[in-house]
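Chains, contacts and geometry: an overview
In case you want the letters, here they are:
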Amino acid sequence: PRQALLTWPAVHDKFDFGLLLLVGGGFAISKGFAESGLNIAIGNGFSKITESVHPFTLNLLIILMTSIATQLFSAIGTATTLLPALYSASLTSIHNPFAFVLPATIGCSLGFMLPTATPAN
C-alpha cells in the first residue's frame, strides 16, 4: 500500500496540542457563558452604560476593556466570550451591532504584551 500523507508520528512530533486545548478551552468558556446567561447579564450591564457615554468614548472603552482582557486570557477566549455579550448589549440598547463588535475585534488583536495573550507565537 501507499504511504499516508499524514502519519501519527509526524503529528505527534510537530503538532502543539497545548494550542488545541487553549482554543477548545476558549470555546468551552464561551459556551458556558451562553448557557448560564452570563453574556446577557454582561450585555445588559454594558447597555446601561451606552445611554450616557459619547460614542467615541464608548469605542475607546470597548477597545481598552477587550485589550486588557486579551492580555490576561487568550485572544480566542476573549473574543468568543465578549463578542456575544457585546452583541446582546447592542440589541438591548438599540445600536448597530457593528458599533460594539468591531472595536472589540480590534481590541482582541492588540494582545501582544504578555505570553498568555498570544501563546501560539
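Here is a short report on the structure shown in this document. Everything numeric in this text was worked out from a predicted model, so none of it was measured.

About the thresholds
Residues numbered from 1 in each chain as written. Predicted model: local features only at pLDDT ≥ 70, side-chain atom pairs only at ≥ 80, totals over all residues. Heavy atoms only, no water. Helix = DSSP H or I, 4+ residues; strand = E, 2+ residues; numbered from the N terminus. Rg over C-alpha atoms; globule rule 2.2 N^0.38 Å. Phe/Tyr/Trp six-rings, centres within 6.5 Å; stacked < 30°, edge-to-face > 60°. Buried < 20%, exposed > 50% of the residue type's maximum accessible area, 1.4 Å probe, protein only. Axes fitted to C-alpha atoms, helices over the stretch in contact; angles between N-to-C directions. Parallel < 35°, antiparallel > 145°, perpendicular 65-115°, else oblique. Left-handed = near helix turned anticlockwise from the far one by under 90°. Contact = heavy atoms within 4.5 Å. Salt bridge = Lys/Arg side-chain N within 4 Å of Asp/Glu carboxyl O. Expected span 1.5 Å × (residues − 1). Arc of directions from axis to C-beta.

Regarding the overall build of the protein chain
Along the protein chain, the regular secondary structure elements total six helices and zero strands. Order of helices (α) and strands (β) in the protein chain, N terminus to C terminus: α-α-α-α-α-α. Against the 2.2 N^0.38 benchmark of 14 Å for 121 residues, the protein chain shows a C-alpha radius of gyration of 18 Å, more extended than a compact globule. Principal-axis analysis of the C-alpha atoms places the extent of the protein chain at approximately 65 × 30 × 20 Å.

What to know about the packing of aromatic side chains
The tally for this structure, following the rule as stated, stands at three aromatic pairs. Relative to F17, the ring of W8 has its centre 6.3 Å away and its plane inclined at 45°; by these criteria the two rings are tilted. Given the relative accessible area of 56%, W8 is considered exposed. Centroid distance F15 to F17: 5.0 Å. Interplanar angle 75°. Geometry classified as edge-to-face. Of the aromatic side chains, those joined through ring pairs into one cluster are W8, F15 and F17.

What about the packing of helix α2 (residues 17–36) against helix α5 (residues 75–92)?
For the pair α2 and α5, the least separation of the axes is 8 Å and the interaxial angle reads 20°. Between α2 and α5, the interaxial angle falls into the category roughly parallel. Every pair of crossing elements has a handedness; the one defined by α2 and α5 is right-handed. For the pair α2 and α5, the contacting residues are V23, G26, F27, I29, S30 and F33 in the first and I76, G77, T80 and T81 in the second.

Notes on the pattern of salt bridges
Summed over the entire model, instances satisfying the criterion amount to one salt bridge. In this structure, the salt-bridge partner of K31 is E35, at a minimum N-O distance of 3.9 Å. Here the residue K31 and the residue E35 both occupy positions in helix α2, the gap between them amounting to four residues, near one helical turn. In this structure, K31 and E35 share a single accessibility class: exposed.

Describing helix α6 (residues 97–108)
Relative to the 16 Å expected for twelve residues at 1.5 Å per residue, α6 spans 17 Å between its end C-alpha atoms, a close match to the ideal helical length. Those residues of α6 that fall on the buried side of the exposure criterion are F100, V101, P103, A104, G107 and C108. On an axial view of α6, the arc spanned by its buried residues comes to 165°, and they lie on one face. Where α6 is buried, its residues contact α3 (38–50), α4 (55–72) and α5.

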